[in-house]
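Next come the chains, spelled out residue by residue.
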Amino acid sequence: MPFRTRHADRRPFLLGRTRIMAALRRFFAERDFLEVETSAVVPSPGNETHLHAFATDLVAPAGDRQRLYLRTSPEFACKKLLAAGERRIVEFARSYRNRERGALHHPEFTLVEWYRAHEPYETLMADCAAILALAADTTGARQFAFRGQVIDPFAAPERLAVAEAFARYAGLDLMALLPPEPTARFAAAARAGGIRTAEDDTWGDIFSRVLVEKIEPRLGRGRATFLYGYPSAQSPLARPTSSDPRLAERFELYACGVELANAFGELTDAAEQRTRLEEQMAEKVRIYGERYPIDEDFLAALAVMPDACGIALGFDRLVMLATGATRIDQVLWTPMGEA
């Protein structure tokens with residue numbers, strides 16, 4: 001199909017994208033957020049096991065080379081700005097992740113990432129509910145639909161604890177299976193519920209498989225869902241809850257079975273953060289045979305960073321739902337790989 005024809009097919013979705021972007025900028029400005037622009041080329045692209053970065057080299061005039069990366073998110077940079085004294089910031093951040101391509105994934109994409117200092121992370125839930133309604137109002141959508149699932153974007157989202165979701169949809173007592181309980185016990189319980197496992201699975205592998213196969217497809221039906229109370233073992237950048245350190249101040253937003261956003265009460269203990277990032281990189285070496293550097297400036301910033309909460313929302317996915325697009329390529333102006 002010629003590029004001009006493909007563009008004409010996409011144009012209604014792209015006009016919706018432009019209107020939603022403008023509406024979100026107004027939304028954050030009205031709430032005293034400062035829009036920031038952080039570097040997309042960084043010394044460390046993030047340290048989560050299953051995120052894969054694009055690498056490049058900075059070449060000095062004398063020919064010396066320094067390995068750099070395209071960011072997988074602006075998170076580390078934004079937290080440095082909080083440490084520098086900013087209190088409410090938002091970035092519409094072009095981000096880059098390798099090994100990701102599909103109806104909901106594109107190697108280059110846009111995150112809306114925002115942070116609130118000295119505010120509880122539940123505040124971000126109110127932001128998300130307002131943004132869903134705003135996106136719908138902006139495009140005139142009365143409902144969001146994707147792959148046969150439908151939500152009312154104006155309805156108050158459901159709040160569902162991860163442990164409750166495991167019990168409801170997978171028949172598993174997650175709290176009785178949390179680390180330091182043996183992985184073998186979790187594996188046996190998962191197999192009894194019809195989940196395949198492998199001998200070398202980690203606790204996190206099994207958790208993720210149950211989540212993807214049994215739970216995520218059932219989230220965000222009729223109305224959006226906030227899935228909260230993730231295990232700390234699956235939340236390396238989030239602080240533990242005050243009521244149970246095995247759980248983290250983390251939620252994800254789902255609509256029509258689609259993950260839209262990931263939010264944290266931010267971990268500010270630099271020593272604990274270093275330990276967690278090193279563990280993530282050790283696992284990356286085990287699985288993929290590579291590791292990324294630890295951002296020492298980020299860890300130093302945590303020492304003076306205030307208590308804060310932050311969230312990353314997949315802007316392209318939000319546009320898909322609000323405009324009725326079925327593939328992420330339809331809401332991108334120039335998708336990768338087109339002539």
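Just above, that's the structure.
Procedures and definitions
- Residues numbered from 1 in each chain as written.
- Predicted model: local features only at pLDDT ≥ 70, side-chain atom pairs only at ≥ 80, totals over all residues.
- Heavy atoms only, no water.
- Pairing = 2+ DSSP bridges.
- Helix = DSSP H or I, 4+ residues; strand = E, 2+ residues; numbered from the N terminus.
- Contact = heavy atoms within 4.5 Å.
- Axes fitted to C-alpha atoms, helices over the stretch in contact; angles between N-to-C directions.
- 1 Å grid on protein atoms, 1.4 Å probe; cavity = no way out; pocket = protein on both sides within 12 Å on 5 of 7 lines; lining within 4 Å.
- Points joined across faces, edges and corners; volume = space filled by probe spheres on them.
- Nonpolar A, V, L, I, M, F, W, Y, C, P; charged D, E, K, R; others polar.
- Buried < 20%, exposed > 50% of the residue type's maximum accessible area, 1.4 Å probe, protein only.

## Brief notes about the sheet that holds strand 12 (residues 258-265)
- Reading across from one edge, 1-5-6-13-12-11-10-9 is the order of the 8 strands in this open sheet, with mixed pairing throughout. Of all the strands in the sheet, the pair left with one neighbour each is strand 1 (34-35) and strand 9 (158-161).
- Bridge count between strand 6 (residues 108-117) and strand 13 (residues 308-314): 7 bridges; the pairing is antiparallel. When the sheet's bridge partners are listed, Glu 113 is paired in strand 13 with Ala 312.
- On top of the sheet, helix 1 (residues 3-30) reaches strand 1, strand 5 (88-96) and strand 6; it is set at about 150° to strand 5, its chief contact.
- Strands in contact with helix 4 (residues 162-170) are strand 9 and strand 10 (225-228); relative to strand 9, the strand with the most contacts, it is inclined by about 85°.

## Side note on the layout of surface pockets
- In this structure, the second largest pocket encloses a volume near 170 Å³.
- Here the residues of the lining of the second largest pocket sort into 7 nonpolar, 4 polar and 2 charged.

## A closer look at the pairing of strand 13
- The buried count for strand 13 comes to 7 of 7 residues, which makes it a mostly enclosed element.
- Across the two faces of strand 13 the burial is the same, with Ala 308, Gly 310, Ala 312 and Gly 314 and Cys 309, Ile 311 and Leu 313 all buried.

## Focus: helix 9 (residues 315-323)
- Within helix 9, 8 of the 9 residues are buried, leaving the element largely enclosed by the surrounding structure.
- Phe 315, Asp 316, Arg 317, Leu 318, Val 319, Met 320, Leu 321 and Ala 322 are the residues of helix 9 that are buried.
- A positive backbone phi angle near 85° is found at Gly 324, which sits one or two residues after helix 9.

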